[in-house]
Amino acid sequence: LWVALPASADDSHTKIWTDDFHHHSSNDVDESETTTPAPHSTLTWSIFLFLLLKGLLDNVLSDYLWARAVILTSATVASVGVGLTIPMAFVADWIM
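My aim in this report is to walk through the structure given alongside it, one point at a time. (Residues numbered from 1 in each chain as written. Predicted model: local features only at pLDDT ≥ 70, side-chain atom pairs only at ≥ 80, totals over all residues. Heavy atoms only, no water.)

Here's the deal with the overall build of the protein
Piece 1. When you go through the protein residue by residue, the secondary structure sums to three helices and two strands.
Piece 2. Helices and strands appear in the protein in the N-to-C order β-β-α-α-α.
Piece 3. For the protein, the proportion of its 96 residues judged to be buried stands at 4%.
Piece 4. A total of about 8,500 Å² of accessible surface is found on the protein, and carbon and sulfur atoms cover 67% of it. (Helix = DSSP H or I, 4+ residues; strand = E, 2+ residues; numbered from the N terminus. Buried < 20%, exposed > 50% of the residue type's maximum accessible area, 1.4 Å probe, protein only. Areas by Shrake-Rupley, 256 points an atom, 1.4 Å probe, with all protein chains shown as cover.)

Take a look at the structure:
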């Protein structure tokens, strides 16, 4: 998925093309329209490694804490506690 930026300042709409769902032939694109990939479409190695590290830390940390809660209490109490995190976050956001 990539976003085509508007060619001029008065062009207020942004077109989105997906190669999976809609294929354009060369006749479908207006030659006066210039398209450039969005600046956020570049994935560097540092960004990739940061995302990988963050994903590993988040998942490993949450699994470790859940396993620790099972050891300290029981599987039922730990599962109920994990299941209540979303409603408790909703209530906390509602109060604040």
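Things to note about the packing of helix H1 (residues 45-72) against helix H2 (residues 75-83)
Piece 1. Where H1 contacts H2, the axes come no closer than 7 Å and their chain directions differ by 140°. Put simply, H1 runs oblique to H2. Relative to H2, H1 is oriented so that their crossing is right-handed. On H2, the residues that touch Trp66, Ala69 and Val70 of H1 are Ala75, Ala78, Ser79 and Val82.
Piece 2. Class assignment for the residues of the contact of H1 with H2 results in six nonpolar, one polar and no charged. (Axes fitted to C-alpha atoms, helices over the stretch in contact; angles between N-to-C directions. Parallel < 35°, antiparallel > 145°, perpendicular 65-115°, else oblique. Left-handed = near helix turned anticlockwise from the far one by under 90°. Contact = heavy atoms within 4.5 Å. Nonpolar A, V, L, I, M, F, W, Y, C, P; charged D, E, K, R; others polar.)

As far as function goes, none of this settles anything; it's purely spatial.
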